[in-house]
Amino acid sequence: MQATKSSRIIGIMSKVIKILWVLFFALLIGLPLFFYSVKINFLNLYGDLPSIKSLENPKSDVSSELYSIDGQSLGKYFRENRSLVDYDEISPNVINALIATEDYRFERHSGLDLRGLMRVGVFTLLLRQDSKGGGSTITQQLAKNLFKTRSTSKGHLSGVPGLGMVIVKVKEWLVAIYLETNYTKREIITMYLNTVDFGSNSFGIKVAAQTFFNKEPSDLNLQEAATLVGLLKAPTRYSPVSNPENSTYRRNTVLAQMSKYGFISPQVQDSIANEEMVVQFKVENHNQGLATYFRSVIRSFLISWTRENGYDLFEDGLKIYTTIDSRMQQYAEDAVAAHMAKLQKIFDDHWKGRNPWIDADGAELKGFIESVSKSSEHYRRYRDKYGQGHDSIDILMNTPKKMRLFSWDGEVDSLISPMDSIRYYKRFLHTGFMAMDPNNGHIKAWVGGINHKYFKYDHVKQGKRQPGSTFKPIVYATAIESGYSPCYEVRDVPVTFQVVGDPPTWTPKNASGQFSEEMLTIRQAMARSVNSVTAFLMQKVSPQAVVNMAQRLGIKSPLEAVPALSLGSSDVSIYELTGAYSTFVNEGTWTEPFFITRIEDKNGVVLQEFVPNTIEALNEETAYLMLHMLKGATEERGGTALGLSPELRMDNEIGAKTGTTSNYSDGWFVGVTKDLVAGVWVGGDNRSIRFRNMALGQGARTAMPIWEQFMLKVYKDEALGYEKGPFKKPNRRLSVEIDCDKVKGLDFLYDQDDEMLNLDSLREERRDIRRDEIM
């Protein structure tokens, strides 16, 4: 009986051994065939593997980065915020923490860790337990991250439950083996750390280090390195920001692994494990950092350029070098913030108890908020959901909800309805500021508004408003070119134009509402911004001639050739006007304001270098005479820029022009020095939002202080290299005398009722000289 039982057991064991041998040989022959069929994607059953070319040149989305002219990063354009680093730029703490936690046999295997796979198989398949460690090596994880093996190129069998994951794993193994064959261990671990997702839109170790600790990867200490490596298991669950307790637990797990495999001592592990987590969390986005409006505006240009040249702005890691100086940009933003916060308080006090949206007679505009609300994001969203005119729209627009609001004292959390939030935001004054080097067209600073997060609209290039008296220098430039001298005198009396319409005539008033009947040189008149004299010159040179001059000076916005243009009736931008004034400093050559010097690929290969467009708009003498005219604002009695700081004016030549539009809707200021030209606009979101009087609403009060504060900061920073001094004089002797004391009482007088033929002949002679020079 016993013998029979023993023989039966032996027989069963023999059969099992035969089956195992059959399975062994089947696997020995079948596995290579299976691997090979996956590799060649037999009958498209498995989906393609990455091509040899892509394996040899692995690519991950890399942020394109914008640089200032002084080498500082201004911001990035990305879908996944990622910047690449080299192995030597990564702290050894990160390398050691990663190896200890994810793949401690990394240096000893060739892409596949067979021991790890066997461990996973035994625990998972036989013992039904957690293996306390995955079977994927760092190289396999890199293959998955780099080539998206789990989401791309699927074959006919990829959807079969169970088999699909086996196919994916085989692909990862094959790619891992290829990577190990063609790259060093250092290159593999560097690629891994450059591609992996750390959460909070931080891809790669460089961005993660900056996001969570405001550090470079090379500066990460042991605690920080363990925290970041801990994130890789589950970025949200182990985030030190949203789940600090989980993060601490995971960090200590990483430290324990490092101690276990000898990267740190148990004593070091214990000491760090008891330390409190210190995080400096800051997610990089397009609303933070310097030059936010500038980055937003040039984005469309960059998208167009990359499309035309076969690149992707958001993933090709381009290096874009701009003309912006980060130091000057900071000074500009500081000047805007300081003045606008103060001006807003004045504006709020001015309108206390009243709404600031008024008509020409000062009466509140009824239904104004209801009208503008229809262009708000809230209204559009409700309209798209419920349909135009639905009652729910009105109900929801007036229902309070939690919102975070902008204020000059910092963000404020509030319970407020969308309609009330519109009322709140419409009370804010806005601004645009641009500074450029007139000699080469480089834009040095660009501030498009008061806060890009809450107010996206750019008031430098996108925004256009009536320039008021800041347009007058273009009228005067037309007159100077036509032969008028800065010392030419005109009486301050009404000037009437015949116009089409009712009434059929137009007589512009001076800002004071009165005419002094005083004889003024045209330099004095421009310095004091006397409208009647500008109108007189417009009448003499013609509106069309002024339009032609403006276009030569780079004004591309539509201009109406009408008498009112003499007072700045057509909308222009700060970008255009600042460029026009720069022509006077640049000896008559208009240089288009530009902002990009070159674009490189991620390897530093120059793809294109940029040079600005130029036009010989004026001859050298006319340009210099216009500088002399502009200086009148800071030198003549009654000049509109005499309020500039004496510190700024001392040992310095400054040309300037203020501007204030009808009803004080817009305040402007453009200032020129030998090295810098900068323009400022200040006003409400709508023309109806404004101050009620000249004392508060004039450009000298609303806009000029920003220019003044900016220039003071620039001159104090010796590292920038800007110095005070005179404007460059023409190489040739001037054909006219600009010292009006020397010519007063001679033939440079003109009364509107008199006729001076000798002056006409002189102007004709000078006009011929200038024409010959330009030709």
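These numbers were taken from a predicted model, which means no experiment stands behind them.

Enquirer: Would you mind showing me how to read the side chain of Gln-223 here?
Expert: Secondary-structure assignment places Gln-223 in helix α9 (residues 222–231). Residue classification places Gln-223 among the buried positions, given a relative accessible area of 10%. Separated by 3.2 Å, the side chains of Gln-223 and Glu-275 make a polar contact. Contacts of Gln-223, omitting those with residues within four sequence positions, involve Arg-251, Ile-272, Glu-275, Glu-276, Met-277 and Val-278.

Enquirer: Help me out: how do you make sense of the packing of α9 against helix α10 (residues 244–260) in this one?
Expert: Between two packed helices, the angle of one axis relative to the other and the distance separating the axes together describe the packing. In the contact formed by α9 and α10, the axes pass within 8 Å of each other and the chain directions differ by 110 degrees. Of the possible angle classes, the one that applies to α9 and α10 is roughly perpendicular. Contacts between α9 and α10 involve Leu-222, Gln-223, Ala-226, Thr-227, Val-229 and Gly-230 from the first element and Ser-247, Arg-250, Arg-251, Val-254, Leu-255 and Met-258 from the second. Here the contact of α9 with α10 is composed, by residue class, of 6 nonpolar, 4 polar and 2 charged.

Enquirer: Would you mind showing me how to read the confidence of the model for the protein chain here?
Expert: Across the protein chain, the average pLDDT comes to 87, with 82% of residues at 70 or higher. Taken together, the stretch residues 747–759 has pLDDT below 50 and engages in 27 contacts with residues farther than four places along the chain or on a different chain. In the model, residues 769–775 has pLDDT below 50 throughout and makes 11 contacts with residues more than four positions away in sequence or in other chains.

Enquirer: What's the story with the pattern of salt bridges in this structure? I'm lost.
Expert: Should their charged atoms come close, side chains of opposite charge can pair. Here the structure, examined in full by the defined rule, presents 27 salt bridges. Among the ionic pairs, Asp-384 bridges to Arg-383, the shortest N-O distance being 3.4 Å. Given the relative accessible area of 60%, Asp-384 is considered exposed. Of the charged contacts in the structure, one is a salt bridge between Asp-675 and Lys-674, with a shortest N-O distance of 2.7 Å. What you see here is one network of salt bridges that share partners, running through Asp-70, Asp-325 and Arg-327.

Enquirer: What should I look at first to understand a negative patch on the surface in this one?
Expert: A cluster of acidic residues, Asp-86, Glu-89, Glu-216 and Asp-219, forms a negative patch on the protein surface. Tracing the sequence through the fold places Asp-86 in the loop between β2 (73–77) and α3 (92–102). Accessibility expressed as a relative area gives 51% for Asp-86, which makes it exposed.

What counts, and where the lines are drawn
Residues numbered from 1 in each chain as written. Predicted model: local features only at pLDDT ≥ 70, side-chain atom pairs only at ≥ 80, totals over all residues. Heavy atoms only, no water. Helix = DSSP H or I, 4+ residues; strand = E, 2+ residues; numbered from the N terminus. Buried < 20%, exposed > 50% of the residue type's maximum accessible area, 1.4 Å probe, protein only. Polar contact = N/O pair within 3.5 Å; in protein donor to acceptor, adjacent residues only side chain to side chain. Contact = heavy atoms within 4.5 Å. Axes fitted to C-alpha atoms, helices over the stretch in contact; angles between N-to-C directions. Parallel < 35°, antiparallel > 145°, perpendicular 65-115°, else oblique. Nonpolar A, V, L, I, M, F, W, Y, C, P; charged D, E, K, R; others polar. pLDDT = per-residue confidence, 0-100. Salt bridge = Lys/Arg side-chain N within 4 Å of Asp/Glu carboxyl O. Patch = residues over 30% accessible without salt bridge, like charges linked within 9 Å, V, L, I, M, F, W, Y side chains within 5 Å. Areas by Shrake-Rupley, 256 points an atom, 1.4 Å probe, with all protein chains shown as cover. Lys, Arg positive; Asp, Glu negative; His and termini not counted. Charge placed at Lys NZ, Arg CZ, Asp CG, Glu CD.

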